[in-house]
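# Coordinate inspection notes
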Amino acid sequence: MTLGPIAFLGSGETSLAGGRIYEHLARQVDEPLRIAVLETPAGFELNSAQVAGRVADFLKTRLANYKPQVDVIPARKKGTPHSPDDPETCAPLLRANLVFMGPGSPTYAIRQLKDSLAWDLLRARHRLGAALVFASAATIAVGQVGLPVYEIYKVGQDVHAVPGLGIFDDFGVSVSFIPHWNNTDGGQDVDTSRCFMGRERFDAWCAQLPENHTVLGLDEHTGIVFDFQRRECVAMGVSSVSLVRACNPAIYPSGSRIPMEQIGIFQLPDPLSKGISPDAWEMAIHVPPPASVMEESPPPEVTALAEARQAARARKDWAAADDYRRQILSLGWAVQDTPEGPKLVKT
């Protein structure tokens, strides 16, 4: 089985650097490109649809050469009509071959996605070949241990660690991620590196991690791509990636290729569905035909217009034929003239 690549971004999901990472991934997945953008990390915000929508619009433009289908998944909050446990809400994940999750709150994302259908389907799709992209808050949330940024930086809680979603737990690897590693928003007055924690508070958080735990610090507008086929990780973007063990970072500049064994000994989950609910796994491997396939036949009025156009062409009434073609287009269909005869295609 071919695992898809996974990219983790320190920031800049709609930047030039982010765009290059998306293109790097798009080249590795099967066409047609089908992208799912999860709203969940920003689901507590009143404008979460706009937050995810900005990324979706960027992906449509940046990857226009691939003619992507982009779906925004409003899996905002458990127990609501837009729940990450709702099969209809999560349905676009079943066919996505590139899944994005980004800005918001790390701890909110963890609470909403833990043991959810959306999280199970996302991981199932990866194990079946889909590429994943995590940025900003989502990058923190998917690690084995999470950093509660807002609770510490904004609310003033004591430094503490929380269990994360553990994207690599079933691979036997203990790893977490810190975006905004080189942040300088605080200027000369406040150390806001290490995702606004500063070195002192980061060291206190780091001291609470399990033994032999690895942390990857991702500079802004920089990311790392895990390539399971080559068994290597590639640093991409404008700056560097820091590999931290025992709070002692090793720095890899953009362009570096890091053997995956330096991060951990990754083992393929056995069975492949390990850690994923049986129902979600069954959904992922038995995807029904898309509605567009089941509803391939054009409606009767379109068929009638196509037949009238063909009759006009037979009597060489080209003006009438063009008029029928325009009417067909106005109904959302196009006529393609092929050697086998005219073919109706949904636009």
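Up top is the structure these notes are about.
Attention here is on the structure that accompanies the text. (Residues numbered from 1 in each chain as written. Predicted model: local features only at pLDDT ≥ 70, side-chain atom pairs only at ≥ 80, totals over all residues. Heavy atoms only, no water.)

### A closer look at the overall build of the protein chain
For the protein chain, the count of helices and strands is twelve helices and 16 strands. Oriented by its inertia axes, the alpha-carbon framework of the protein chain measures out at about 85 × 45 × 40 Å. Evaluated residue by residue, the protein chain yields a buried proportion of 52% over its 347 residues. Across the protein chain, contacts joining residues at least 24 apart in sequence account for 67% of those joining residues at least 6 apart. Total accessible area on the protein chain stands at roughly 16400 Å², and carbon and sulfur atoms take up 50% of it. (Helix = DSSP H or I, 4+ residues; strand = E, 2+ residues; numbered from the N terminus. Buried < 20%, exposed > 50% of the residue type's maximum accessible area, 1.4 Å probe, protein only. Contact = heavy atoms within 4.5 Å. Areas by Shrake-Rupley, 256 points an atom, 1.4 Å probe, with all protein chains shown as cover.)

### Remarks on the sheet that holds strand E2 (residues 34–38)
Taken in spatial order, the eight strands of this open sheet run E3-E2-E4-E5-E1-E10-E11-E14, and their pairing is mixed. The sheet terminates laterally at strand E3 (69–73) and strand E14 (257–259), the two strands that pair on one side only. Going across the sheet, the axis of each strand differs from the next one's by a mean of 20°, ignoring polarity. (Pairing = 2+ DSSP bridges. Axes fitted to C-alpha atoms, helices over the stretch in contact; angles between N-to-C directions.)

### Considerations on empty space enclosed by the protein
With the rule as written, the count across this model stands at one cavity of 30 Å³ or more. Approximately 60 Å³ is the volume found for the largest cavity. Val37, Leu38, Glu39, Ala42, Ser48, Val51, Ala52, Val55, Phe100, Gly102 and Pro103 together form the lining of the largest cavity. Put simply, the parts of the chain that give the lining of the largest cavity at least two residues each are E2 and helix H2 (48–62). Here the element with the most residues in the lining of the largest cavity is H2; it accounts for four residues. Split into classes, the residues belonging to the lining of the largest cavity amount to eight nonpolar, two polar and one charged. (1 Å grid on protein atoms, 1.4 Å probe; cavity = no way out; pocket = protein on both sides within 12 Å on 5 of 7 lines; lining within 4 Å. Points joined across faces, edges and corners; volume = space filled by probe spheres on them. Nonpolar A, V, L, I, M, F, W, Y, C, P; charged D, E, K, R; others polar.)

### With respect to helix H12 (residues 318–330)
Between its first and last C-alpha atoms H12 spans 18 Å; for 13 residues at 1.5 Å apiece the expected length is 18 Å, and the two agree. For H12, the full list of buried residues reads Ala320, Ala321 and Ile328. Within H12, the buried residues cover an arc of 100° as seen down the axis, which keeps them to one side. Exposed residues pointing more than 90 degrees away from the buried face of H12 are listed as Ala319 and Ser330. (Expected span 1.5 Å × (residues − 1). Arc of directions from axis to C-beta.)

### Comments concerning the environment of Leu16
Assignment of secondary structure puts Leu16 in helix H1 (residues 16–26). A residue is classified by how much of its surface remains accessible, and Leu16, at 56% relative accessible area, is exposed. Spatially, the C-alpha atom of Leu16 lies 16 Å from that of Gly102, the residues being 86 residues apart in sequence.

### Regarding the packing of aromatic side chains
Summed over the entire model, instances satisfying the criterion amount to 18 aromatic pairs. Residues Tyr22 and Phe100 carry aromatic rings whose centres are separated by 6.3 Å and whose planes lie at 75° to one another, so their mutual orientation is edge-to-face. Taken together, the residues Tyr22 in helix H1 and Phe100 in strand E4 (residues 98–101) connect sequence positions 78 residues apart. In this pair, the class of Tyr22 matches that of Phe100, namely buried. Seen in terms of ring centroids, Phe168 and Phe171 are 5.8 Å apart; in terms of plane orientation they differ by 90°. Their pairing is edge-to-face. (Phe/Tyr/Trp six-rings, centres within 6.5 Å; stacked < 30°, edge-to-face > 60°.)

### Concerning the side chain of Ser105
Tracing the backbone shows Ser105 in the loop between E4 and helix H4 (106–113). Note on Ser105: relative accessible area 8%, which makes it buried. Engagement of the side chain of Ser105 in a polar contact is seen with the backbone nitrogen of Tyr108, the distance being 3.2 Å. In contact with Ser105, other than residues within four places in its own chain, are Pro41, Phe44, Ala137 and Tyr150. (Polar contact = N/O pair within 3.5 Å; in protein donor to acceptor, adjacent residues only side chain to side chain.)

### Considerations on the pairing of strand E11 (residues 232–237)
Extensive coverage of E11 is indicated by the burial of five of its six residues. Looking at chain direction, strand E10 (residues 222–227) and E11 are connected through six bridges and run antiparallel. The partner of Phe226 across the bridge, within E11, is Cys233. Across three bridges, E11 lies against E14 in antiparallel orientation. Within E14, the residue paired with Glu232 across the bridge is Pro259.

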